[in-house]
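Secondary and tertiary structure notes
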Amino acid sequence: MGMSVGSSGGGGGRRGRRGGRKAPMSEINVTPLVDVMLVLLIIFMVAAPMMTVGVPLDLPKTGAKALNSETQPITVSIKADGSVFLQETPISTDEIAAKLAAIATTGYTERIFVRGDGAAPYGVIADVMARMQTAGYTNIGLVTEQKTDN
């Protein structure tokens, strides 16, 4: 019995392939990536409106109707312990005028909403509103919750 050993690669004429394995595929399968991105898009579309609440407050209830607004106003919040927040950043009452001037895009006609907790000291709310008015801001509104008929 004779056996020939040669340098021809053997394997029945398959050159360049080892043991009959296929070459690695060089294409990327994009379908799973698109599926994941669509799921993330839906999650963010549902979750984004829920993240607009800033400082948690117990707003007083009134019979006033909701205002229609085209632009996002500046919000000043006053918690029950008297702490003051501009948007979601805690500030002191002395800094209100300077900080408002820094973030107001339309100047002194910028809409400013004051959200005062129902248990907040009236003096703090009045002081904050007086400081804003003294600084020149005239478009100041108080935010309340609508009464429910129970």
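A short tour of the structure in this document, coming up.

Counting 16 residues, the largest nonpolar core has Leu 100 and Met 132 as the members making the most contacts within it. Contributing elements (two or more residues each) for this core: strand 2 (74-78), strand 3 (84-86), helix 2 (96-103), strand 5 (112-116) and helix 3 (122-135). When residues no more than four places from it in sequence are discounted, the contact partners of Leu 100 are Ile 74, Leu 86, Ile 112, Met 132 and Tyr 137.

Quick look at unusual backbone geometry now. A positive phi is found at Gln 87, a non-glycine position, where the angle reads about 60°. As for its placement among the helices and strands, Gln 87 is situated in the loop between strand 3 and strand 4 (89-91). The exposure class assigned to Gln 87 is partly exposed, which follows from its relative accessible area of 35%.

Overall, mixed pairing links the five strands, which are arranged 4-3-2-5-6 in an open sheet. Each of the sheet's edge strands pairs with one partner strand only, and the pair in question is strand 4 and strand 6 (140-142). The sheet shows a mean angle of 30° between the axes of neighbouring strands, direction not considered. Examined bridge by bridge, strand 3 and strand 4 share three bridges and lie antiparallel to one another. Within the sheet, the bridge partner assigned to Leu 86 lies in strand 4 and is Thr 89.

Before going further, it helps to examine helix 3. Look at helix 3: 20 Å from first C-alpha to last across 14 residues, which is about the 20 Å you get at 1.5 Å a residue. Ile 125, Val 128 and Met 132 are the residues of helix 3 that are buried. In an axial view of helix 3, the angular spread of the buried residues amounts to 65°, which keeps them on one side of the axis. Residues of helix 3 that are exposed and point over 90 degrees away from its buried face: Tyr 122, Gln 133 and Thr 134. Gly 136, located one to two residues past helix 3, shows a positive phi value of around 115°.

Reading the values: rules and limits
- Residues numbered from 1 in each chain as written.
- Predicted model: local features only at pLDDT ≥ 70, side-chain atom pairs only at ≥ 80, totals over all residues.
- Heavy atoms only, no water.
- Core = buried A, V, L, I, M, F, W, Y, C linked by side-chain atoms within 4.5 Å.
- Buried < 20%, exposed > 50% of the residue type's maximum accessible area, 1.4 Å probe, protein only.
- Helix = DSSP H or I, 4+ residues; strand = E, 2+ residues; numbered from the N terminus.
- Contact = heavy atoms within 4.5 Å.
- Pairing = 2+ DSSP bridges.
- Axes fitted to C-alpha atoms, helices over the stretch in contact; angles between N-to-C directions.
- Expected span 1.5 Å × (residues − 1).
- Arc of directions from axis to C-beta.

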